[in-house]
Amino acid sequence: MKQLKKNKSFFQLFNLSAGFFGVQIAYALQSANISRIFATLGADPHQLSFFWVLPPLMGMIVQPLIGKYSDKTWNRLGRRKPYLLVGAIIAVAVMLLLPNAGNFTFAQSLFLGLNAAMWFGLFSLIFLDTSINMAMQPFKMMVGDMVNEEQKGTAYAIQSALCNAGSLVGYLFPYFFSWIGIKNVAPEGVIPDSVKWSFYIGALILIICVLYTFFAVKEMNPEEYKAFHGIQDAPEKKDDVSFIKLLKDAPSTFWTIGLVQFFCWSAFLYMWTYSNGAIGIQCFGWEGLNAADAAYQNAGDWVGVCFAVQAVGSLLWAMVLPVLERATSNRGAYAISLIVGAVGFISIMFVTNQYVLWASYLLIGAAWAAMLALPFTILTNSLDGNNMGYYLGLFNCTICLPQIIAALLGGFILRLVGSQAGMLAFAGVLLLVGSACVFLIKEKKQ
């Protein structure tokens, strides 16, 4: 029998996810600035999406392994926390190195069409994305481990709020540093100082936040975990289970949410990849050629502002979601949110005023709010305590695989639609398809 699952206080729930704020600053800096960085280093718009292939591929490999082995990690430092700390330390190191990729432009020879700076940036991006995900996943796992079914929605809502707050800070950093006088332009092939300082300060905040959660949270020992989840045998004594068997035994909810995730994360991959070029051309008069132009770099700052507006929209929509859930269902709230986000994406194609873009990105925030909270609430309620981390690691593949496929197809689709703004409209169509797939989900609650 399971023990009585007592509710946690707000501060206990907050501490579980506090470090998520710092991790999300790093993720926001990556999302908003990677295309800008690689364009500055010399990448062609048709190449940009290819730089997003390897990071999620690494995530698909690393995340299930983190879930699998953290399920069996029981020591005095904790169960999930050791992986959280290691991921954060690696992320900090890479955040200090990545903005300096332009220092390698002295190498004139090209390999596979990439100069030395682009290769350095690519491998830095691989390690950054992998380490951010390594630091991010334990927060989701700790909620699944330590929060009862009644409070999981609240716990993931707090996590979503911290995620959006971190995004807001990370997105605004380049604009803020430009505003206080740090240079926003640099010689061709060199990353501007405003971007460099954004990554440096983001790295500092990341490690502070992660250390707070590391010391503030005490994870359950094996006996407590077994009693909390009603497991007859201690988790560490279970036979090793292959991921193939886990996928075979996965609840149908795992697969149907994964289908929705495919369309959602493909759409946002295109937003991160093409927003800079689309906004630069439509609103800042960029001619689409030299990324060292002030018009392109100013557009890069404005992309951060627009993404911050998206984070605000997500925070506001997170307050609407419970009302929608009560009025319809989790599925109804999910579908409506994706439709609202799709309208935001499609509208960008028709906007030529930089301030009108705020309305578009506010709407996109609705989809982001739903994507951060609802999939994990629905999925963890359909799982028992066995292999919780392994399943959440495998579920991360429904985030990574869509990005890989979308990145591989990005250049081809760009040629078909004809413009980077058209890619954002295409992203809106993907969200509409995802909203229709939501109704294939059958919720299973314990």
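Residues numbered from 1 in each chain as written. Predicted model: local features only at pLDDT ≥ 70, side-chain atom pairs only at ≥ 80, totals over all residues. Heavy atoms only, no water.

Turning to the overall build of the protein, a few remarks are in order. Across its full length, the protein carries 17 helices and zero strands. For the C-alpha atoms alone, the extent of the protein along its principal axes is close to 65 × 45 × 40 Å. A burial count over the protein gives 60% of its 446 residues as buried. In the protein, once contacts between residues fewer than 6 apart in sequence are set aside, the share between residues at least 24 apart is 82%. When the accessible surface of the protein is totalled, it reaches about 17400 Å², and 68% of it is carbon and sulfur. The distance from the centre of the 27 positive side-chain charges to the centre of the 22 negative ones in the protein is 7 Å. (Helix = DSSP H or I, 4+ residues; strand = E, 2+ residues; numbered from the N terminus. Buried < 20%, exposed > 50% of the residue type's maximum accessible area, 1.4 Å probe, protein only. Contact = heavy atoms within 4.5 Å. Areas by Shrake-Rupley, 256 points an atom, 1.4 Å probe, with all protein chains shown as cover. Lys, Arg positive; Asp, Glu negative; His and termini not counted. Charge placed at Lys NZ, Arg CZ, Asp CG, Glu CD.)

Right, let's talk about helix H12 (residues 294–327) for a bit. For H12, which comprises 34 residues, the first-to-last C-alpha distance of 48 Å matches the rise-based estimate of 50 Å (1.5 Å per residue) to within 8%. Helix geometry: H12 is bent most strongly at Met319, by close to 30 degrees, with proline Pro322 lying one to four residues after it. (Expected span 1.5 Å × (residues − 1). Bend = angle between axes of the 7 residues up to and from the residue.)

We now examine the pattern of salt bridges. Within the structure shown, the criterion is met by three salt bridges. For Asp301, the salt bridge goes to Arg36, with nearest N and O atoms at 3.1 Å. Of the two residues, Asp301 is situated in helix H12 and Arg36 in helix H2 (residues 20–40); the sequence distance between them amounts to 265 residues. Look at Asp301 and you get buried, because its relative accessible area is 5%. A salt bridge links Asp145 to Arg79, with the nearest nitrogen and oxygen atoms 3.5 Å apart. Of this pair, Asp145 sits in helix H6 (residues 116–146) while Arg79 sits in the loop between helix H4 (54–71) and helix H5 (81–97), placing them 66 residues apart in sequence. Residue Asp145 is classed as buried on the basis of its relative accessible area of 2%. Residues joined in a network through salt bridges with shared partners are Arg79, Arg80 and Asp145. (Salt bridge = Lys/Arg side-chain N within 4 Å of Asp/Glu carboxyl O.)

The subject of this paragraph is the nonpolar core. The biggest cluster of nonpolar side chains holds 142 residues, and the ones touching the most others in it are Trp272 and Tyr361. A per-element tally of this core places helix H11 (residues 252–283) first, with 16 residues. Residue contacts for Trp272: discarding those within four places in its chain leaves Tyr27, Ser31, Ser35, Trp52, Tyr171, Trp265, Phe307, Trp368 and Gln403. (Core = buried A, V, L, I, M, F, W, Y, C linked by side-chain atoms within 4.5 Å.)

Another aspect to go through is the packing of H2 against H11. Between H2 and H11, whose axes approach to 6 Å, the crossing angle comes to 55 degrees. By the angle class used here, H2 and H11 are oblique. In this structure, H2 meets H11 at a crossing whose hand is right-handed. Taking contact as the criterion, the partners of Tyr27, Ser31, Ser35 and Arg36 in H2 are, on H11, Trp265, Trp272, Thr273 and Asn276. Split by residue class, the contact of H2 with H11 holds three nonpolar, four polar and one charged. (Axes fitted to C-alpha atoms, helices over the stretch in contact; angles between N-to-C directions. Parallel < 35°, antiparallel > 145°, perpendicular 65-115°, else oblique. Left-handed = near helix turned anticlockwise from the far one by under 90°. Nonpolar A, V, L, I, M, F, W, Y, C, P; charged D, E, K, R; others polar.)

Turning our attention to the packing of H5 against helix H8 (residues 193–216). Put simply, H5 and H8 touch, their axes get as near as 9 Å, and they point 170 degrees apart. Overall, the two elements H5 and H8 adopt an arrangement that is roughly antiparallel. Together, Lys81, Pro82, Leu84, Leu85, Ala88, Ile89, Ala91, Val92, Met95 and Leu96 of H5 and Phe199, Tyr200, Gly202, Ala203, Leu206, Ile207, Val210, Leu211, Thr213 and Phe214 of H8 make up the contact between the two elements. Grouping the constituent residues of the contact of H5 with H8 by class yields 17 nonpolar, two polar and one charged.

Quick look at the environment of Gly78 now. Within the secondary structure, Gly78 is located in the loop between H4 and H5. For the pair Gly78 and Asn221, spaced 143 residues apart in sequence, the C-alpha to C-alpha distance is 8.1 Å. Every residue in contact with Gly78, bar those within four places of it in the chain, is listed here: Thr73 and Glu219.

To continue, consider a nonpolar patch on the surface. A cluster of nonpolar side chains, contributed by Leu54, Leu57, Met58, Ile61, Leu65 and Tyr69, occupies part of the molecular surface with about 490 Å² of accessible area. Its place among the elements puts Ile61 in helix H4. Assessed through its relative accessible area of 47%, Ile61 is described here as partly exposed. (Patch = residues over 30% accessible without salt bridge, like charges linked within 9 Å, V, L, I, M, F, W, Y side chains within 5 Å.)

Let us now look at the packing of aromatic side chains. The geometry of two aromatic rings is summed up by the distance between their centres and the angle between their planes. Inspection of every chain in the model, using the stated rule, returns 29 aromatic pairs. Judged by centre distance (5.5 Å) and plane angle (45 degrees), the ring pair of Phe173 and Phe177 falls under tilted. Here Phe173 and its partner Phe177 are both found in helix H7 (residues 149–179), four residues apart, which amounts to about one turn of the helix. Both residues of the pair, Phe173 and Phe177, belong to the buried class. Geometrically, the ring pair formed by Phe176 and Phe177 is edge-to-face, given 5.4 Å between the ring centres and 65 degrees between the ring planes. What makes Phe176 partly exposed here is its relative accessible area of 38%. Assessed through its relative accessible area of 8%, Phe177 is described here as buried. (Phe/Tyr/Trp six-rings, centres within 6.5 Å; stacked < 30°, edge-to-face > 60°.)

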